[in-house]
Amino acid sequence: MTKKRIFSGMQPSGNFHMGNYQVLSNWIKLQEEYDCIYSIVDWHALTSSYEDTGKLPERIENIALDWLSAGLDPEKSIVFVQSHVKEHAELHLLLSMMTPLSWLERVPTYKDKLQQLGEMGKEINTYGFLGYPELMTADIILYKADVVPVAEDQIPHLELTREIVRRFANLYKPIFPEPQAILSPLLPGIDGRKMSKSYGNEIPYAAEPEELQARVRLMITDPKRVKKTDAGDPEVCTVYTFHKIFSSQQEQSEIAGHCRNASIGCVECKKRLAEKMVTTLVDVHSRRKELAAKPEKIREILAYGAERARKVAAATMEEVRSVMNLG
Ligand code: SF4
């Protein structure tokens, strides 16, 4: 049976943190079950940071290192850099001809992010920034992906992708599947909000054990658990959300039970979590160091991925040009 295809991407923003690691861990699991295509979406990074591109090559290499050291397998999955496959730009351009402006303007994150970045002093009133979900649509449908792992706040983007697919089918021919979402859980920041460098609540992926322990100590817990003798609710606690990622099933149920009957204190609970995180990350960090010493190898892996991606993308674009009567 042919496997369903997944497409997903991450921007080389230079701020790889534990929230990204969580998304990545999910991708690594998915590569066992799906035909996965994962892209370092460098053009997306330009939609909000176009002024200074000097650090882009270094950031691309860094994120590739993060992915590969965590266990993304370039033989199982196609791993490549978006700008190495020019078909993304061609499809983006063609889709932009037929997408009503109002569809892009009503994406809920558009106005919020515009305001947020504007407050940070960024001049972001650009065509590229508005067209971000259009580029994302081109990325997904270029590979005829069936499934896209998304966080809850990205669901409107995927809905827009489906609308564009339907419009394309009505105008020309139905050559693209309507991609479905699989929800991927997101790790919160240490203050319980979405993890983001701009909130200062992130745990850097490259954090040394001492920094990691310090960040875990600062995590907010169940706000109603004031004294150690108060029973807690693990389901509202940031620390427990992390335990769900880093501790075994058995440890999770033990901690949840101890929390509910107040037989473990939050200090101890955080200490256990920090130990788990350090153990998990020590191996990943040491693989990353080994790989970082071989930049040639990283370039080879990305070139191999781009070659494989290009084959799929070129076939799709032939079809697109044909149904649109172009060349
Ligand atoms: Fe959270 Fe653990 Fe404290 Fe319970 S014991 S509130 S799970 S930190």
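Just so we're clear, the structure is a prediction, and the values are computed from it rather than from any experiment.

Trainee: Let's hear about empty space enclosed by the protein: which residues, and what values?
Mentor: For the structure on display, the rule yields one cavity of 30 Å³ or more. There is about 110 Å³ of room inside the largest cavity. Lining the largest cavity we find 13 residues, and of these R225, C237, C259, C266 and C269 sit closest to its centre. Secondary-structure elements contributing two or more residues to the lining of the largest cavity are α11 (238-246), α12 (249-260) and α13 (266-292). For the lining of the largest cavity, the class distribution of residues is nine nonpolar, two polar and two charged.

Trainee: A description of the packing of aromatic side chains should follow, citing residues and the corresponding values.
Mentor: Counted by the stated rule, this structure contains nine aromatic pairs. The interplanar angle of 80° and the centroid separation of 4.9 Å between the aromatic rings of F16 and Y205 together place this pair among those described as edge-to-face. One end of the pair, F16, is in the loop between β1 (5-10) and α1 (18-30); the other, Y205, is in the loop between β5 (180-183) and α10 (209-217), and 189 residues separate them in sequence. A centroid spacing of 5.1 Å and a plane angle of 65° characterise the contact between F168 and F176, whose relative ring orientation is edge-to-face. Each member of the aromatic cluster is reached from another via a ring pair, and the members are F16, Y21, Y205 and F246.

Trainee: Any details on the site of the ligand? Residues and values, ideally.
Mentor: For the ligand, the full set of nearby residues is T221, D222, R225, C237, V239, Y240, C259, I264, C266 and C269. One can see that the ligand is located within the largest cavity. Of all the secondary-structure elements, those providing two or more residues to the shell around the ligand are α11 and α13. For the shell around the ligand, the per-class residue count stands at seven nonpolar, one polar and two charged.

Trainee: Requested: an account of the environment of A314, with residues and values cited.
Mentor: Secondary-structure assignment places A314 in helix α14 (residues 295-323). When its relative accessible area of 31% is taken as the criterion, A314 is described as partly exposed. With 229 residues separating them in the primary sequence, A314 and V85 have C-alpha atoms 9.1 Å apart.

Trainee: Provide a residue-level description of the layout of surface pockets, including the pertinent values.
Mentor: Roughly 230 Å³ of volume is contained in the second largest pocket. As for the second largest pocket, its lining consists of A206, A207, E208, P209, L212, V278, L281, V282, H285, S286, R288 and K289. For the lining of the second largest pocket, the secondary structure elements donating two or more residues are α10 and α13. Sort the elements by how many residues they give to the lining of the second largest pocket and α13 lands first, with seven residues.

Trainee: So what's going on with the pairing of β5? Which residues, and what values?
Mentor: In this structure, strand β4 (residues 147-150) lies alongside β5, joined through four bridges in parallel fashion. Each bridged residue has a counterpart across the sheet, and for V147 the counterpart in β5 is Q180.

Trainee: Provide a residue-level description of the pattern of salt bridges, including the pertinent values.
Mentor: Scanning the model with the defined rule gives 17 salt bridges in all. Across the salt bridge formed by E90 and R321, the nearest N and O atoms sit 2.9 Å from each other. In this pair, E90 sits in helix α4 (residues 87-98) while R321 sits in helix α14, placing the two residues 231 residues apart along the sequence. You can call E90 partly exposed: its relative accessible area is 27%. Exposure remark for R321: the relative accessible area of 26% places this residue in the partly exposed category. One salt bridge connects E235 with K244, and the closest N-O pair in it is separated by 3.0 Å.

Parameters and conventions
- Per-chain numbering applies: the sequence of each chain, read as written, is numbered from 1 onward.
- The predicted origin of the model limits local features to residues at a pLDDT of at least 70 and limits the giving and counting of side-chain atom pairs to 80 or more, whereas totals for whole chains, interfaces and linings rest on all residues.
- The basis for every side-chain value is the complete set of non-hydrogen atoms in the structure, without hydrogens or water.
- Using only the protein atoms, space was sampled on a 1 Å grid; points where a 1.4 Å probe fits but cannot get out form cavities, open sets with protein on both sides within 12 Å along at least five of seven lines form pockets, and lining residues are those with an atom within 4 Å of a point.
- Grid points are joined across faces, edges and corners, and a volume is the space filled by probe spheres set on the points.
- Helical segments are the DSSP runs of H or I of at least four residues, strand segments are the runs of E of at least two, and each set is numbered from the N terminus.
- When residues are sorted by character, Ala, Val, Leu, Ile, Met, Phe, Trp, Tyr, Cys and Pro go into the nonpolar class, Asp, Glu, Lys and Arg into the charged class, and all the rest, Gly among them, into the polar class.
- When the centres of two rings from Phe, Tyr and Trp lie within 6.5 Å, Trp using its six-membered ring, the rings pair. Their planes under 30 degrees apart give stacked, over 60 give edge-to-face, and anything left gives tilted.
- Distances are taken per atom, and a residue is near a molecule or strand as soon as one of its heavy atoms is within 4 Å of it.
- For a molecule to be placed in a cavity or pocket, more than half of its atoms must lie within 2 Å of the grid points of that cavity or pocket.
- Between buried and exposed lies partly exposed: a residue is buried under 20% and exposed over 50% of the maximum accessible area for its type, with that area taken using a 1.4 Å probe on protein chains only.
- Paired strands, in this sense, are two strands between which DSSP finds at least two bridges.
- We count a salt bridge whenever a side-chain nitrogen from Lys or Arg sits within 4 Å of a carboxyl oxygen from Asp or Glu.

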